[in-house]
Amino acid sequence: MQKQLQQIIPGRATSDGAGVRIKRSLGQSQQARFDPFLMLDEFNSESATDYIAGFPAHPHRGFETVTYMLEGHMLHEDHMGNKGHLRNGDVQWMTAGRGIIHSEMPQQEHGLMRGFQLWLNLPAAEKMKPANYKDIPAADIPVSQFKNGGSIKVIANSAVIDGKVISGPIQGLTTQPIYWDVNLPLNGKFAHAIPATHNTFIYVYEGSVAIGEDARQLEVGNAGLLGAGDEISVTALSENTRFILLAGIPLKEPIAQYGPFVMNTTDEIEQAIQDYRNGVLAE
Ligand code: CO
């Protein structure tokens, strides 16, 4: 059964960090989450004033942040002494777990800065696991070409293209996340199986698409939440259409969030705030 487009969350212009202009779709309100995904921000600007302030040192606890840099150069530094340069096509998969303190600062004073930051929730049993950080250079992310001229980058999980399994660098997490970046020519179609267990959404960042049998349209800058089913079919309605497809097994657990802390109860949030104040959030 094909998944249909059920709900559209328009990306909303806002700012975060020290004043970085972003477009937030998922996560703009508590109702706008899609379990296990908490938030999706797109940053896309050629104007340095929109991004130069960056994200100075700040904490996280209880979930994972995934940064996908389409174009630009940012430097990640954290309390564990990690330093990671994110450049065109690189991905950073960071597990905050019990706590991380990091900064994400632009390393360019002009030119295009473009990419995404996704927040992926962790199950209760994993929220306090040790922090971990993984830099994935663009060269380690497999790309597969379609016969129709389009292509797919497999960041997380695996895709099967023309009978060949394409495995991304991120595998084996509890929510079994899928993170694909798909490019299609006008009228190009992408059809693929998706486990029925997964909540699935698509964010279009170039062009527009029609989804499923009823061909409901999804325009650029919008997140489209899909309904039940075990396959997706997406057709590009414009030349050089680009979208990311995210899917994961919902946790179905209560969420208590205070800014960069995402736990299950308000007591755990109080603890996170106290730990941060006492300097023991991340150690
Ligand atoms: Co952060």
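Refer to the preceding data block for the structure.
Owing to the predicted nature of the structure, the values given are computational and were not obtained by experimental measurement.

## Regarding the overall build of the protein chain
Looking only at helices and strands, the protein chain has one helix and 26 strands in total. The C-alpha radius of gyration of the protein chain comes to 18 Å, within 12% of the 19 Å expected for a compact globule of 283 residues. Split into buried and exposed, the 283 residues of the protein chain put 54% on the buried side. Counting contacts in the protein chain only where the partners sit at least 6 residues apart, residues at least 24 apart contribute 72% of the total.

## Overview of the coordination of the cobalt ion
For the cobalt ion, the full set of protein donor atoms is His 58 (NE2), His 60 (NE2) and His 102 (NE2), and the range of their distances to it is 2.1 Å. Relative accessible area serves as the criterion here: at 18%, His 58 is assigned to the buried category.

## Here we look at helix α1 (residues 266-277)
Relative to the 16 Å expected for 12 residues at 1.5 Å per residue, α1 spans 17 Å between its end C-alpha atoms, a close match to the ideal helical length. Every buried residue of α1 is accounted for by Ile 269, Ala 272, Ile 273 and Asp 275. Along α1, the residues classed as buried sweep out an arc of 165° about the axis, all on the same side. The exposed set on the far side of α1, more than 90 degrees from its buried face, consists of Asp 267, Glu 270 and Arg 277. Buried residues belonging to α1 abut β25 (256-258) and β26 (261-263). Positive backbone phi, approximately 75°, marks Gly 279, located one or two places after α1.

## Comments concerning the sheet that holds strand β11 (residues 113-121)
The seven strands are arranged β2-β3-β4-β11-β6-β9-β12 in an open sheet whose pairing can be described as antiparallel. With one partner strand each, in any of the chains shown, β2 (12-16) and β12 (132-136) form the two edges of the open sheet. Each neighbouring strand pair of the sheet contributes to a mean axis angle of 20°, computed without reference to strand direction. Note that strand β6 (residues 63-71) and strand β9 (residues 91-95) share five bridges and pair antiparallel. Each residue of the ladder has a partner; that of Thr 67, found in β9, is Gln 92.

## Overview of the side chain of His 102
Within the secondary structure, His 102 is located in strand β10 (residues 100-106). By relative accessible area, His 102 is classed as buried at 1%. Within the structure, the side chain of His 102 is placed 3.4 Å from the side chain of Glu 104, a separation counted as a polar contact. If near-sequence neighbours (up to four positions away) are discounted, His 102 is found in contact with Phe 55, Pro 56, Ala 57, His 58, His 60, His 76, Glu 77, Asp 78 and Met 94.

## Observations concerning the environment of Phe 243
Tracing the backbone shows Phe 243 in strand β24 (residues 241-248). Along the backbone, Phe 243 and Leu 184 are 59 residues apart, and their C-alpha atoms lie at a distance of 8.8 Å. Residues in contact with Phe 243, not counting those within four places in the same chain, are Trp 180, Asp 181, Val 182, Leu 184, Phe 190, Ile 202, Tyr 203, Val 204, Tyr 205, Val 209 and Val 234.

## Some remarks on the pairing of strand β17 (residues 178-184)
Most of β17 is tucked away: six of the seven residues are buried. Bridge count for β17 against β24 is seven bridges, and the pairing is antiparallel. Bridging from a neighbouring strand, Val 182 pairs with Phe 243 of β24.

## Focus on the sheet that holds β10
As summarised here, the arrangement of the four strands in space is β5-β10-β7-β8, forming an open sheet in which the pairing is antiparallel. In the strand order of this sheet, the two ends are held by β5 (55-60) and β8 (83-86), each with one partner. Between one strand axis and the next, the sheet turns by 20° as a mean value, whatever way the strands run.

About the cut-offs
- Positions within a chain are numbered from 1, following the residues in the order the chain's sequence is written.
- For this predicted model, a pLDDT threshold of at least 70 governs which residues receive local features, and a threshold of 80 or more governs which side-chain atom pairs are given and counted, while totals over whole chains, interfaces and linings are taken from all residues.
- Hydrogens and water are ignored here; the side-chain numbers use all heavy atoms of the structure.
- The helix and strand labels rest on DSSP assignments: H or I over at least four residues marks a helix, E over at least two residues marks a strand, and numbering proceeds from the N terminus.
- Here the globule rule reads 2.2 Å times residues to the power 0.38, and the radius of gyration is calculated from C-alpha atoms.
- Only protein chains enter the calculation, and the probe is 1.4 Å; a residue is then buried if its accessible area is under 20% of its type maximum, exposed if over 50%, and partly exposed in between.
- In this description, contact between two residues means that some pair of their heavy atoms is separated by no more than 4.5 Å.
- For Na, K and Ca the donor cutoff is 3.2 Å, while for all other metals N, O and S atoms count as donors only within 2.8 Å; water does not appear among the atoms, so some sites may look incomplete.
- Multiplying 1.5 Å by the residue count of a helix minus one yields the expected span of that helix.
- This arc is built from the directions going out from the helix axis to the C-beta atoms.
- DSSP-based pairing: two strands are paired if at least 2 bridges between them are found.
- Helix axes are fitted only over the stretch in contact, all axes being lines through C-alpha atoms; the angle between N-to-C directions runs from 0 to 180 degrees.
- A 3.5 Å cut-off defines polar contacts: any pair of N or O atoms within that distance qualifies, except that in protein one atom must be a possible hydrogen donor and the other a possible acceptor, and neighbouring residues in sequence count only when both atoms are side-chain atoms.

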